[in-house]
Amino acid sequence: MTRAWNETAEENRDGATDAVVFFQDAQRAYSNAERAANARFVFQYRVADFVIQLAFAGDALAPRLTRALQHLTLSPHTIPDLEILVWDGATTAMNLPALPFTGSMVARRGDVKAFASTRIRAAMDRSADTLSLLDVKKNCGLFCTRDARALPDYETAAPLKTILYWWLRERGLFLVHAGAVGNDKGGVLLAGKGGSGKSTTALACLDSDLNYVSDDYCLVAADPTPRAFNVYNSAKLTPTSLNLLPQFSSRAASSTLRVEEKRILFLDETFASKIARSLSLRAILLPRVTARRTPRLIPASSNAALGALAISTMMQLPDAGAETLRALERLTKQLPCYILELGSDMTKIPRVIQEILIETVDH
Amino acid sequence: MSDISFPPHFRVNHPHIIHEIIEGEAILINLETGSYYSTDQVGAVVWDWLEKGASVAHILKHITNTYAGDTREMETSLRALLRQFQDERLIIADDSAAKNDAAFQSRSSSEKIPFVAPVLRKYTEMEDLLLLDPIHDVDATGWPQRAAGSNSP
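Since the structure is predicted, the reported quantities are computational estimates derived from the model, not experimental observations. (Residues numbered from 1 in each chain as written. Chains lettered and ligands numbered in written order. Predicted model: local features only at pLDDT ≥ 70, side-chain atom pairs only at ≥ 80, totals over all residues. Heavy atoms only, no water.)

Peer 1: Looking at this structure, I do not really get the overall build of chain B. What am I missing?
Peer 2: A count of helical and extended segments in chain B gives 4 helices and 8 strands. Ordered by position in the sequence, the α and β elements of chain B form the string β-β-β-β-α-α-β-α-β-β-β-α. Relative to its full complement of 153 residues, chain B shows a buried share of 46%. For chain B, the share of sequence-separated contacts (at least 6 apart) that also reach a separation of at least 24 residues comes to 68%. (Helix = DSSP H or I, 4+ residues; strand = E, 2+ residues; numbered from the N terminus. Buried < 20%, exposed > 50% of the residue type's maximum accessible area, 1.4 Å probe, protein only. Contact = heavy atoms within 4.5 Å.)

Peer 1: Help me understand empty space enclosed by the protein in this model?
Peer 2: Any empty space left between the atoms is revealed when a probe the size of a water molecule rolls over them. Residues and elements named next belong to chain A. Counting across every chain of the model gives 2 cavities of 30 Å³ or more. Computed from the structure, the largest cavity encloses a volume of approximately 60 Å³. Surrounding the largest cavity, Ala157, Ala158, Tyr212, Ser214, Asp215, Asp216, Tyr217, Tyr232, Ser234 and Lys236 form its lining. Elements represented by at least two residues in the lining of the largest cavity include exactly strand 10 (211-214) and strand 13 (234-237). Class assignment of the residues belonging to the lining of the largest cavity gives a composition of 5 nonpolar, 2 polar and 3 charged. Its volume calculated, the second largest cavity comes out at about 40 Å³. Lining the second largest cavity, in full, are Tyr45, Val47, Ile52, Leu54, Leu69, Ile84, Leu160 and Leu164. If you list the elements that add at least two residues to the lining of the second largest cavity, you get strand 1 (40-47) and strand 2 (50-57). Taken together, the residues that form the lining of the second largest cavity break down as 8 nonpolar, no polar and no charged. (1 Å grid on protein atoms, 1.4 Å probe; cavity = no way out; pocket = protein on both sides within 12 Å on 5 of 7 lines; lining within 4 Å. Points joined across faces, edges and corners; volume = space filled by probe spheres on them. Nonpolar A, V, L, I, M, F, W, Y, C, P; charged D, E, K, R; others polar.)

Peer 1: Sorry, what's going on with the sheet that holds strand 4 (residues 35-40) of chain B here?
Peer 2: Spatially, the 4 strands line up as an open sheet ordered 2-3-4-8 (chain B), and their pairing is antiparallel. Each edge of the open sheet is held by one strand with a lone partner, namely strand 2 (17-22) and strand 8 (121-123) of chain B. Put simply, the sheet's adjacent strands are angled 20 degrees from each other on average, direction ignored. The pairing of strand 4 of chain B with strand 8 of chain B spans 3 bridges and is antiparallel. Counted as the bridge partner of Ser38 of chain B is Arg121 of chain B from strand 8 of chain B. Relative to strand 2 of chain B, helix 8 (residues 302-314) of chain A is tilted by about 50 degrees, and along the sheet it contacts strand 2, strand 3 (25-30) and strand 4 of chain B. (Pairing = 2+ DSSP bridges. Axes fitted to C-alpha atoms, helices over the stretch in contact; angles between N-to-C directions.)

Peer 1: Whenever I open this one, the packing of helix 8 of chain A against helix 9 (residues 322-334) of chain A confuses me. Can you help?
Peer 2: Each pair of packed helices can be summarised by the angle the axes make with each other and by the distance between the axes. All names here are of chain A. Running from N to C, helix 8 and helix 9 point in directions that differ by 145 degrees, and their axes come no closer than 9 Å. Here the hand of the crossing between helix 8 and helix 9 comes out right-handed. Two secondary-structure elements touch here, helix 8 through Ser302, Ala305, Leu306, Leu309, Ala310 and Met314 and helix 9 through Thr324, Leu325, Leu328, Glu329, Leu331, Thr332 and Lys333. Considered class by class, the residues forming the contact of helix 8 with helix 9 number 8 nonpolar, 3 polar and 2 charged. (Left-handed = near helix turned anticlockwise from the far one by under 90°.)

Peer 1: How should I be thinking about the packing of aromatic side chains in this particular structure?
Peer 2: Between two aromatic rings, the relevant description is the distance of the centres plus the angle of the planes. Residues and elements named next belong to chain A. Applying the stated criterion to the full structure yields 6 aromatic pairs over all chains. Summarising the aromatic geometry, the rings of Phe248 and Phe271 are spaced 6.1 Å apart at their centres and angled 45 degrees between planes, so their arrangement reads as tilted. Separated by 23 residues along the polypeptide, Phe248 in the loop between helix 6 (239-244) and helix 7 (249-254) and Phe271 in the loop between strand 15 (262-266) and strand 16 (278-289) bring together distant segments of the chain. Accessibility classification places Phe248 together with Phe271 in one group, the buried group. (Phe/Tyr/Trp six-rings, centres within 6.5 Å; stacked < 30°, edge-to-face > 60°.)

Peer 1: It is not clear to me how the confidence of the model for chain A should be interpreted in this structure. Could you clarify?
Peer 2: Atomic detail in the predicted coordinates should be set aside for any region of low pLDDT. Per-residue confidence for chain A gives a mean pLDDT of 91; residues scoring 70 or more make up 93%. Every residue in residues 1-15 of chain A scores below 50 in pLDDT, and together they form 27 contacts with partners more than four places removed in sequence or on other chains. (pLDDT = per-residue confidence, 0-100.)

Peer 1: Looking at this structure, how should I read the confidence of the model for chain B?
Peer 2: All names here are of chain B. Looking at chain B as a whole, the pLDDT averages 86, with 80% of positions reaching at least 70. Mean pLDDT per element in chain B: helix 4 (residues 126-129) is the minimum at 84, and helix 3 (residues 71-87) is the maximum at 96. Overall fold confidence (pTM) sits at 0.91, and the ipTM for the predicted complex is 0.83.

In structure tokens form, the structure reads like this:
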């Protein structure tokens, strides 16, 4: 049954209270799902400096949503900073929250316009058929989908990113659409839209002394100094990337997970020691695929970096707006920015990055 | 572009504007005002060439080479779009730059795309830029019918 959004008691006249009531309804749906599945599976992960707990009603979604976080696993024994309750309808007697969105509007990236609440965040991914909710005050997130079996592989590669983005930004950490690699001197952020060469650059560094933080999504902090934090152990390879990096071909061929034409790899299987939890950022690189043979760096403006970083990030993350833009503006203004013209010789990429790290440390 | 009052060259109003072309749509943000803009198809092509430094005359040549339609309408539409860009301070006239249009290759296409006059849309919030149609088709629980989605975020 669908409850109209404004069919409210007097005390629920403002949107915030309505949103809280809806969140509580959804929490009850989770509890019912847990009873229907007769099973609860709990996992804890350390993301940046925070303990994030995932609690699953039943076992349908856990394999799909924990794989990319596996390298951050903690033994569940501490009180989590954030708990996310996860379930699907198909395996839990369709215990899904009734949505009060009829007649309201949902943005392409998932924003639910009817929610004006500062306490409750809500987003719906209509392609993935998922609902994400966060009670900022209670540090509790809810994630549900109609059928775990229909969940797109992009959720396996980068699970729960909407809830993580909402919760972590309150703590000065912003999930961004960017890669990051580096060494003990620091790291570089790799910014740009899909297809710009972020993954190719990040994966080309695995055969060097540079460590991997991400190829697609990572956390960044602008204050007190620029820093990048790892979240996922997944990487995505396009056919073009595979041509340039044939050493990944056999691993890619055995992967059954895809995002569009990209194959998903889990780097903790073979490169666990190369995954860095965080890096102090020294520069921002904007990869570009070119016809050159050897890569080179060309100075770029901080606004070119801001455009590359902010727009592709904000197009994907519900409720991303001025606050995220300003944080990323602070980040980009603190760092030298370069266009990284990629060449066909991938073995030269790590050297270019190592040199810029030495140069920025010396300065 | 024979109107002598119309500037022959423009440039993106850096550092106040950030921009990106995503899936054929130019997304523009004015950092001074906080306004968001989008323009797709022809508008995104115009923005891309402006950003790369092409002159107005060369952009028009590229449009007439690429799209099928009335040349006069294309010129009028381009002029109107540039005026909008200017009014919103997204671009400014650039009298100083020495333009080298030879760097921009535009050949007449044998299979031209029908011309659709470009539109610049303005929003004050990012989510307004990304609004979908209202959800009407819902199941018994109020969940919308699943969108015909792709396996991409």
